[in-house]
Protein chains: 2
Amino acid sequence: MEQNFAVVGQKVHKYDGHKKVTGEVEYSTDIVLPGMLQAKILRSPHPHARILNIDTSAASRLPGVKAILTGKDVPQVGFGAERDFSPQWGDQRILKTDKVRYVGDEVAAVAATDEETALEALSLIRVDYEELPGVFDPEAAMLPGAPQIHAGIKNNISIFFPLMFGDTANGMKGADYIIEDKFTTQMVNQCTMGPRCIVSQFDHSGNLKVWRDTQFPYPFRAELSHVLGIPASKINIVRTAVGGGFGSKIDMQPFDPISVLLAKETGRPVKLEYTREEEFIAGHPRHPFAFYLKTGVKKDGTLVGREVKCIVDNGAYNALGPLVPLVAMHAFVGLYRVPYVKYDAYVVYTNKSFGSAFRGFGNPQGTFAVESHMDMIAEKIGMDPLELRLKNANQPNTGTINGLKITSCGLTECLQKAADSGGWAEKRKQNSSQVKKRGIGMASLIHVAGGARVFGLPGAGLSDGTGAIVKVDDFGKVVVLSGATDIGEGADTIQAQIVAETLGVRYEDVVLHGPDTESTPFDLGCHASRTTFCAGNAVKLAALDAKRQILKLAAEHLGVPADQLDIRNRQVLVKEKPEKGLPLTEVLQKAHYDLQGKIVIGTAYYEPPNGITDPQTVTGNMSATYAFGTHVAEVEVDTETGQVQVVNFVAAHDVGKVLNPLGLEGQMQGGVAQGIGYSLTEEVVFDQGKIVNPHFLDYKILTALDMPTVKTINVETIDPEGPFGAKGVAEPGLVPTAAAIANAVYNAVGVRIKDLPITPEKVLQAIEEEAGHNKLFSRNFT
Amino acid sequence: MEQNFAVVGQKVHKYDGHKKVTGEVEYSTDIVLPGMLQAKILRSPHPHARILNIDTSAASRLPGVKAILTGKDVPQVGFGAERDFSPQWGDQRILKTDKVRYVGDEVAAVAATDEETALEALSLIRVDYEELPGVFDPEAAMLPGAPQIHAGIKNNISIFFPLMFGDTANGMKGADYIIEDKFTTQMVNQCTMGPRCIVSQFDHSGNLKVWRDTQFPYPFRAELSHVLGIPASKINIVRTAVGGGFGSKIDMQPFDPISVLLAKETGRPVKLEYTREEEFIAGHPRHPFAFYLKTGVKKDGTLVGREVKCIVDNGAYNALGPLVPLVAMHAFVGLYRVPYVKYDAYVVYTNKSFGSAFRGFGNPQGTFAVESHMDMIAEKIGMDPLELRLKNANQPNTGTINGLKITSCGLTECLQKAADSGGWAEKRKQNSSQVKKRGIGMASLIHVAGGARVFGLPGAGLSDGTGAIVKVDDFGKVVVLSGATDIGEGADTIQAQIVAETLGVRYEDVVLHGPDTESTPFDLGCHASRTTFCAGNAVKLAALDAKRQILKLAAEHLGVPADQLDIRNRQVLVKEKPEKGLPLTEVLQKAHYDLQGKIVIGTAYYEPPNGITDPQTVTGNMSATYAFGTHVAEVEVDTETGQVQVVNFVAAHDVGKVLNPLGLEGQMQGGVAQGIGYSLTEEVVFDQGKIVNPHFLDYKILTALDMPTVKTINVETIDPEGPFGAKGVAEPGLVPTAAAIANAVYNAVGVRIKDLPITPEKVLQAIEEEAGHNKLFSRNFT
């Protein structure tokens, strides 16, 4: 049933848009405190080496240097990844004492009166290293005799997940074909426009205040407390504006406690900000993956089973790496109906910069593999790739073999609408014999869209909730105290819309405060596309609580039962007789300035109905709902240069319900831009463990000028649990892009690139190899 | 019944004590914003003059001057006093266009890049005045032919209250004596250590943020909105630390909208801070009063009735002046049982600096008169002043003829304890024939102690409430979002204690945020000794709401009904079996990190059961409870110089219940210090309308070295409505001091000073007159 909404679904301006374009918004880097020091970190120049000695004496004599820390000065407490999953995952240390494990590892830190002095001090610190052999390829790292990166970790395998789902007794039995391939993906960086920055300050009572562009204020507080031994109750994290996150600002990093310890040591506020180069070297990029993928299929396209061996190039430390293959898995297990899946995932250390969370969290990697594979299967059995996908697509109110509960599901509609809009039927066969050949490809996705209960407090369990307070004052101004974190994607806009819609006030009547971990209620943080869903539900419930109070107050004045009243356009009115009513401010003021005065404060805590119920087998309904979508890419491949140009793009997504049309459009366009970059141009390139392109000159992200026309299609499935039917759609925009483009390239020139990115070199080489091959075999493009 | 308390009643450190002594606390004057301008105000040098012309051209050419405002540039909207009582009371304007009415009236304002430039600009503004005759004495101002200060205000009487209470039919009938006298009091200044300061800033969306050391953030926002025509919903008032208030920072002043308008005009933040001289000239001091007082009494000391004519020297503008005589009235009507009172109050304009709220709000004036008078009555009827007071003292669970409901009342106990401790019986007759003569005197008080419902939103009614949110996080940290304003007196300490006690946590587990008018719920503001009572009850109720939630969560885990549980020392335990229980943090974490997670947020709004029910006759129960107390002063008077030295002092107060022993002690000691200054040394001295001592060299406030030993006695009456039985005790400390000292002086040297302050000149002159008089009459000291 279609409802009329006044604010939800309308093209409102971005909540903090004015502040951002005028420079009013406050990023951590804008924080200036009296007496504040600047800090810098000395990082390892070697991918693997033993630290023999650190001499800071010359640096400490430099005027303006206020503190120097090395490993012996800081708590040697393990952190990283999720401590509650496995203690050994906490392999990170604030500053290293024994060994360095990648080019960029933290060795010492300096706080000085200014940045130049801090940098000069770094240059005066002398570190004696004994270089050790490094290993840079995960499959080499797994071999006997490979250099051991972490003591006690056999074959450098941080963790091995041997998982099985569904009909394991029959396995691949009944398959007419078993198709087998290997797919590999590269490391890419989030390239947030705002490098991460932390400012730390102690007061004289030992309370710590931290300004940080974190996606995870509340878990960050707990983690800082853990590593520093400061009670969490003495820490307040103020989330400053976030200049883009994409996952890179989820987990605590060594530079966080370093800043705090320097502030403690000096008794002065300390600012520590990454350079762009540090963002590349010591950021938390997307892991390279290798997938050995085997799919069993019947002649009619029925999927029989999949067997996957997945190797994650973890880099030198875990961070969130061990969890990433568990999300990558969804592409194989959850996107299409498949009765059996075997999934072996190895997370393997190498002497390189280490990955962590990046938009999609393994899913872009997995989806590239599985959706490339689907096209190869279709070709094998002589079926149109669209038909094969439609045949196996998930349907509403079903489930998957790993326990996902599919409620609303618009995958079929996404497939059809994207295909129609992209001109699938016509363009699929448009190949010509020109130098520049065109092709079209598609790929779909599934992703968590109703939270993902994976983070918690060690020993206590997991939480995926958001708390909210909604306060309505005498003047009908609505203040929302929500713990949720806007990282630039527009979460505040969504929250303000939902509250305004629920309370029948104007969008501009709503203001949000916080978050900081003291004054706003708990929110897990910004990850897993959860904020619209979880925080949206939380602020909606708190607004409903406030509304209930208002209608009760109005009922007394109007002599009409509260359940017959509603609020629209700042008027409390009788639903059946809308001409009868009172201005909202009159109701509020009468109630407040009465002898038995009352004011309106609504509260709520929303915890989504989700969760892995069996951690051992990794089964259960990880999310309260799932997002689906299909990308159709049309490419032009220059057969003389191998250059791939995306000339047309359609992105159809099951978004549940459009809450913020402009924000959604931006989210999807941005996703596709990142997806095309991932497909074609972006790659962190290493030489013997050292990144050779840690800057935007040699690392190519797409600009507006590089973008094709992207048509976005919103499929509204009105999710039963989502706020106004909405789902989380933050990550999906880039998930299937690479496979769609790879499939289009294949359609254009008949070569299959299984290793991202799809560079001109690879395409040209493949075309040349294929040309040689074609001399022997004949082939049909279908 | 005595309860055991863990936090309440304990000597905790002041909540913000560390921050204050280390300089961490942020006053408005500490605010520094990028591009901030400094503002200054050009004030009238004449007490009464017509403005003929203002030439700002030279000032505007001065480099660094960014804006100049005169009356024609600003909204000419009336404000001041309580607009909802009477529109004509809004006699104040931001900048004056027609006339100036006192030395200090606002004529023009400048914003410049620095203070020096702003001051230089002021010197370049040329104002042509036509001087008018001024009137400086209210009784002269009431005479026909006196200069008229405000158009349309006949005889310069801003308001006349002709009030009658009780048995008006019989009046003074039955009195054996009718004793008649005149008492007068001087103007005194609050002398806050922190001069008032405002910083105003607009963002690019037209939202106004104001940092101000206000006692009244929420009414201040409404008032700014009214005068500037900016919707209140676009204004956020951040209450910065208050360097003392004593009432001076309650009402909006012209400098507030001036700062905002300069910020609007320049598009830059503007700071406007009072100098000490401005604090004296354009502060909001205590009004001089004249009382013509007639008391009817029977021979046995029974009070028959009182007739009072009270003349308030209002100064040039109303501010809160019209309300002050209504509180002064309580001394005559409410302190002792009296069956009939006639009270005629005249609030009269003069061409002088104008008063407003100052600790006691009329009560120090009225109590000086009535308690001096009580001693004169006692002498007349030959009764000990203590006996006369005991005979007529209010008793618990009674009422007064103006509708006050006396619930808890420790006046009798205060009288007796103060007399005993002060050595009343012995010292009363200690006079010797030495040059330095000692005497002892006493005086009592009544004051509102359970709020005072007098402020509101025009058209909506009155509010006396406080809202509070109490949030308990995973780590047992308790965050209080309360609208209440600490002005240095320790309201935050009290709130933290009450919350800690209620929730069974440690004092240091509680942190307060705000207030600012957006993120914290409404509180009326800091006046009328209401914060401990109203905000104390609000945070207690919110904490109880949180506690209820916690016990419910714990009940599930412990399998014990919630009503059998309690929280003590961060343990949730079974009341009857305290060894059974769980740590509070375990309960909180279990509940939160559960699949059906819950967090704890308590809310409350407390509105005290009080209010003037008949505004026409000014009757009703203004406050939910009342404070009582007795001061006993022992003085030594130098008969050769007239110098009065207070050598010993006892202050016994009915405080309901001691919540914060150290804070209470400080409050009382500070009150007595202000009271002695009021009695002996403090006076704002005018010469033809110009203040001649606007600085601490010539205006003498007491320092620690000037203070006698003050013994404070706390009488705990456990008020039925107060939080843990407490009453408001902010103002009482200085209310009866002057009468006690005047009575002691009389006891020492037999002269009655009826005009404050009791200066050596007045005493010496009175002694000399009395000596002449004594040649004719004989007299007994009793």
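All values derive from a computational prediction rather than experimental measurement. (Residues numbered from 1 in each chain as written. Chains lettered and ligands numbered in written order. Predicted model: local features only at pLDDT ≥ 70, side-chain atom pairs only at ≥ 80, totals over all residues. Heavy atoms only, no water.)

Draft legend 1. Summary view of the overall build of chain A. For chain A, the helix and strand inventory stands at 18 helices and 34 strands. Taken over C-alpha atoms, the radius of gyration comes to 27 Å for chain A, in line with the 28 Å a tight globule of 782 residues would show. By its C-alpha atoms, chain A is 95 × 75 × 50 Å across when sized along the principal axes. Pairs at least 24 apart in sequence give 79% of the contacts found in chain A among residues at least 6 apart. Positive and negative side-chain charges of chain A, numbering 77 and 90 respectively, have mean locations separated by a distance of 2 Å. (Helix = DSSP H or I, 4+ residues; strand = E, 2+ residues; numbered from the N terminus. Rg over C-alpha atoms; globule rule 2.2 N^0.38 Å. Contact = heavy atoms within 4.5 Å. Lys, Arg positive; Asp, Glu negative; His and termini not counted. Charge placed at Lys NZ, Arg CZ, Asp CG, Glu CD.)

Draft legend 2. Focus on the interface of chain A and chain B. Tallying the contact residues gives 55 residues for chain A and 55 residues for chain B. Both faces combined, the contact of chain A with chain B buries some 4200 Å², and carbon together with sulfur accounts for 61% of it. The largest share of the area that chain A buries against chain B comes from Phe475, Glu518 and Tyr593 of chain A, three residues that together contribute 16% of it. Taken together, the links from chain A to chain B amount to six salt bridges. Between Asp473 of chain B and Arg221 of chain A there is a salt bridge, and its shortest N-O distance comes to 2.8 Å. The biggest single contributor to the side of chain A that touches chain B is strand β21 (residues 466-472) of chain A, with four residues. Residues that form the side of chain A that touches chain B fall into these classes: 20 nonpolar, 20 polar and 15 charged. (Buried area = accessible area lost by both parts, 1.4 Å probe. Salt bridge = Lys/Arg side-chain N within 4 Å of Asp/Glu carboxyl O. Nonpolar A, V, L, I, M, F, W, Y, C, P; charged D, E, K, R; others polar.)

Draft legend 3. Here's a closer look at the pattern of salt bridges. Per the counting criterion, the structure on display carries 84 salt bridges over all chains. The closest approach of N and O atoms between Glu24 of chain A and Lys19 of chain A, which form a salt bridge, is 3.8 Å. Residue class for Lys19 of chain A comes out partly exposed when judged on its relative accessible area of 33%. Glu634 of chain B is paired through a salt bridge with Arg438 of chain B; the nearest N and O atoms lie 3.2 Å apart. One end of the pair, Glu634 of chain B, is in strand β30 (residues 626-638); the other, Arg438 of chain B, is in strand β18 (residues 436-448), with 196 residues separating them in the sequence. Its relative accessible area of 4% is what places Glu634 of chain B among the buried residues. With relative accessibility at 33%, the residue Arg438 of chain B sits in the partly exposed group. Shared partners join several salt bridges into a network, and the residues in it are Arg43, Lys96, Asp105, Glu106 and Glu278 of chain A. (Buried < 20%, exposed > 50% of the residue type's maximum accessible area, 1.4 Å probe, protein only.)

Draft legend 4. Broad picture of the sheet that holds strand β14 (residues 303-315) of chain B. Residues and elements named next belong to chain B. A sheet is described by the order of its strands in space; here five strands give the open sequence β7-β15-β14-β13-β8, paired in mixed fashion. Looking along the sheet, the strands with just one partner apiece sit at the ends: β7 (157-166) and β8 (177-184). On average, each strand axis in the sheet is inclined to that of its neighbour by 10°, with strand direction left out of account. Sheet topology places β7 next to strand β15 (residues 340-349); nine bridges connect them, and they run antiparallel. The residue bridging Pro162 from the neighbouring strand is Asp344, located in β15. Across the face of the sheet, helix α9 (residues 363-381) comes into contact with β8, β13 (289-297) and β14 while running at roughly 145° to β8. (Pairing = 2+ DSSP bridges. Axes fitted to C-alpha atoms, helices over the stretch in contact; angles between N-to-C directions.)

Draft legend 5. View of the relation of the copies chain A and chain B. Superposition of chain A onto chain B requires a rotation of 180° combined with a translation of 0.0 Å along the rotation axis, giving an RMSD of 0.0 Å. The transformation relating the two chain copies, once decomposed into turn and shift, fits a two-fold axis. Residue by residue, 100% of the interface of chain A is reproduced at the interface of chain B, so both copies engage with the same surface. (Least-squares fit on C-alpha atoms with pLDDT ≥ 70 in both.)

Draft legend 6. View of unusual backbone geometry. All names here are of chain B. Gly514 connects to Pro515 through a cis peptide bond whose omega is 0°. Relative to the assigned elements, Pro515 resides in the loop between β23 (510-513) and α14 (531-558). Residue Pro757 is reached from Leu756 by a cis peptide bond, and omega for that bond is -10°. Here Pro757 lies in the loop between α17 (737-749) and α18 (760-774). A positive phi angle, close to 50°, is found at Phe361, a residue other than glycine. One can find Phe361 in the loop between β15 and α9. Phe361 gets classed as buried once you look at its relative accessible area, which sits at 15%. Despite not being glycine, Ile718 has its phi angle at roughly 50°, a positive value. Using a relative accessible area of 46% as the deciding quantity, one classes Ile718 as partly exposed.

Draft legend 7. Structural view of the environment of Lys754 of chain A. Residue and element names in this part refer to chain A. Tracing the sequence through the fold places Lys754 in the loop between α17 (737-749) and α18 (760-774). A C-alpha to C-alpha distance of 7.1 Å links Lys754 and Lys182, two positions 572 residues apart in sequence. Discounting residues that sit within four places of it in the chain, Lys754 has contacts with Asp181, Lys182, Phe183, Thr184, Phe368 and Met376. Within the structure, Lys754 has its side chain in polar contact with the side chain of Asp181 (distance 2.6 Å). (Polar contact = N/O pair within 3.5 Å; in protein donor to acceptor, adjacent residues only side chain to side chain.)

Draft legend 8. Just the confidence of the model for chain A, in detail. Residue-level pLDDT values for chain A average 95, and 97% of them are 70 or greater. Interface confidence for the predicted complex, expressed as ipTM, amounts to 0.95; the pTM equals 0.96. (pLDDT = per-residue confidence, 0-100.)

Draft legend 9. Structural context of the nonpolar core. Residues Ile741 of chain A together with Ile741 of chain B are the most contacted members of the largest nonpolar core, which totals 336 residues. Excluding its chain neighbours within four sequence positions, the residues that come into contact with Ile741 of chain A are Ala633, Val635, Val644, Val646, Phe649, Ile676, Ser679, Leu680 and Ile758 of chain A. (Core = buried A, V, L, I, M, F, W, Y, C linked by side-chain atoms within 4.5 Å.)

Draft legend 10. Seen up close, the sheet that holds strand β34 (residues 709-715) of chain A. All names here are of chain A. Sheet architecture is open: four strands sit in the order β18-β30-β31-β34, paired in mixed fashion. Here the strands that pair on one side only, and so sit at the sheet edges, are β18 (436-448) and β34. This sheet shows a mean twist of 15° between the axes of neighbouring strands, independent of strand direction. By the bridge criterion, ten bridges tie strand β30 (residues 626-638) to strand β31 (residues 644-654) in an arrangement that is antiparallel. Bridge pairing links Glu636 to Gln645 in β31.

Draft legend 11. Molecular detail of the side chain of Glu371 of chain A. Residues and elements named next belong to chain A. Here Glu371 is to be found in helix α9 (residues 363-381). Owing to a relative accessible area of 0%, Glu371 belongs among the buried residues under this scheme. In this structure the side chain of Glu371 is engaged in a polar contact, spanning 2.5 Å, whose partner is the backbone nitrogen of Ser444. With residues near it in sequence (within four places) discarded, Glu371 still touches Leu335, Tyr336, Arg389, Ala443, Ser444, Ala739 and Asn743.

Draft legend 12. Structural view of the state of the cysteines. Residue and element names in this part refer to chain B. Following the criterion strictly, the structure yields zero disulfides over all chains and no others. Free of any disulfide, Cys414 has its nearest cysteine sulfur in Cys409, 8.2 Å distant. With no disulfide partner, Cys526 has as its closest neighbouring cysteine sulfur the one in Cys534, 11 Å distant. (Disulfide = S-S within 2.5 Å.)

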